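Spelled out, the chains give:
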Amino acid sequence: MKLQLALDLVDIPQAKALVQEVEAYIDIVEIGTPVVINEGLRAVKEIKQAFPSLTVLADLKIMDAGGYEVMKASEAGADIITVLGVSDDSTIRGAVAEAKKHNKQIMVDMINVKDMEQRAKEVDAMGVDYICVHSGYDHQAEGKNSFAELNTIQKVVRQAKTAIAGGIKLDTLPEVIAAGPDLVIVGGGITGQENRQATASRMRELVKLR
Ligand SMILES: O=C(CO)[C@H](O)[C@H](O)COP(=O)(O)O
């Protein structure tokens, strides 16, 4: 099981400072959608240059032009790029084909997918690397989480790794870990804490036990 740090509400200098603090405890650093909107792919490029040994995920949440956008993110240094599960199949296939050319990986974010079981089967068959169940900020505000959805996709996914994101905190992490995803994604559960290093370190310990 791996741990991904999601950076969403920061600029590039703040992102670098945060990664520096918790680098030892994470496997993947995510350049979140708001960061890419504010700073562009330069944020991906600068973080990869500053932390070359970390896997960098660009959370582009691609919805169209899969091949082109994956090409640009790959050129910027992203190792993993996200595409939305609600996208057209041709977008996901284009993203997967382009990622393979650059030796990169595709994560499909299943946010707002209505038939989770059916779509997970379909995107799994398209050769994506990760399938991520995700309660976004708007869902979190309504008190939702993705634990049940993780269970649903785990029953049908055969080749991709499974991931879960959305509002995971130190106190809910044991429940998430018990559900057995391949990757746990934590944003505010680390970045919003007073002692980020201690929180990330404890999360690392818990994740490592599995
Ligand atoms: O993609 C995102 C929002 O769309 C976030 O990166 C993801 O939800 C993880 O952050 P948090 O743990 O703060 O919810």
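Let me sum up the structure you'll find in this document.

About the cut-offs
Residues numbered from 1 in each chain as written. Predicted model: local features only at pLDDT ≥ 70, side-chain atom pairs only at ≥ 80, totals over all residues. Heavy atoms only, no water. Pairing = 2+ DSSP bridges. Helix = DSSP H or I, 4+ residues; strand = E, 2+ residues; numbered from the N terminus. Axes fitted to C-alpha atoms, helices over the stretch in contact; angles between N-to-C directions. Contact = heavy atoms within 4.5 Å. Near = heavy atom within 4 Å. Polar contact = N/O pair within 3.5 Å; in protein donor to acceptor, adjacent residues only side chain to side chain. Nonpolar A, V, L, I, M, F, W, Y, C, P; charged D, E, K, R; others polar. Parallel < 35°, antiparallel > 145°, perpendicular 65-115°, else oblique. Left-handed = near helix turned anticlockwise from the far one by under 90°.

1. What to know about the sheet that holds strand β1 (residues 2-7)
For sheets, the rule is that strands pair by backbone hydrogen bonds, running either parallel or antiparallel. In spatial order, the strands read β1-β2-β3-β4-β5-β6-β7-β8; together these eight strands close into a barrel with parallel pairing. Recorded for the sheet is a direction-independent mean angle of 25° between the axes of neighbouring strands. Pairing analysis gives five bridges linking strand β6 (residues 130-134) to strand β7 (residues 161-165), with the strands arranged parallel. Bridging from a neighbouring strand, Val 133 pairs with Ile 164 of β7. Contacts from helix α3 (residues 42-50) reach β2 (28-31) and β3 (55-62), with the element oriented near 170° to β3. Contacts from helix α5 (residues 89-101) reach β3, β4 (80-84) and β5 (105-109), with the element oriented near 155° to β5.

2. Some remarks on the site of the ligand
Surveying the vicinity of the ligand reveals 13 residues, the closest of which are Asp 8, Gln 140, Gly 167, Gly 187 and Gly 188. For the ligand, an oxygen atom lies 2.9 Å from a polar atom in the side chain of His 134. Within the backbone of Gly 167, an N or O atom sits 2.8 Å from an oxygen atom of the ligand. Those elements giving two or more residues to the shell around the ligand turn out to be β3 and α7 (137-141). Residues belonging to the shell around the ligand are distributed by class as follows: three nonpolar, six polar and four charged.

3. Some remarks on the packing of helix α6 (residues 116-125) against helix α8 (residues 147-156)
Across the interface, α6 lies against α8 with an axial gap of 9 Å and an inter-helix angle of 45°. Between α6 and α8, the angle is such that the two are oblique. Helix-helix and strand crossings are classified by hand; for α6 and α8 the assignment is right-handed. Residues Met 116, Glu 117, Ala 120, Lys 121 and Asp 124 of α6 pack against Glu 149, Thr 152, Ile 153 and Val 156 of α8. Taken together, the residues that form the contact of α6 with α8 break down as four nonpolar, one polar and four charged.

4. Quick word on the side chain of Thr 91
As for its placement among the helices and strands, Thr 91 is situated in helix α5. With near-sequence residues (within four places) excluded, Thr 91 lies in contact with Ile 62, Met 63, Asp 64, Ala 65, Gly 66 and Val 83.

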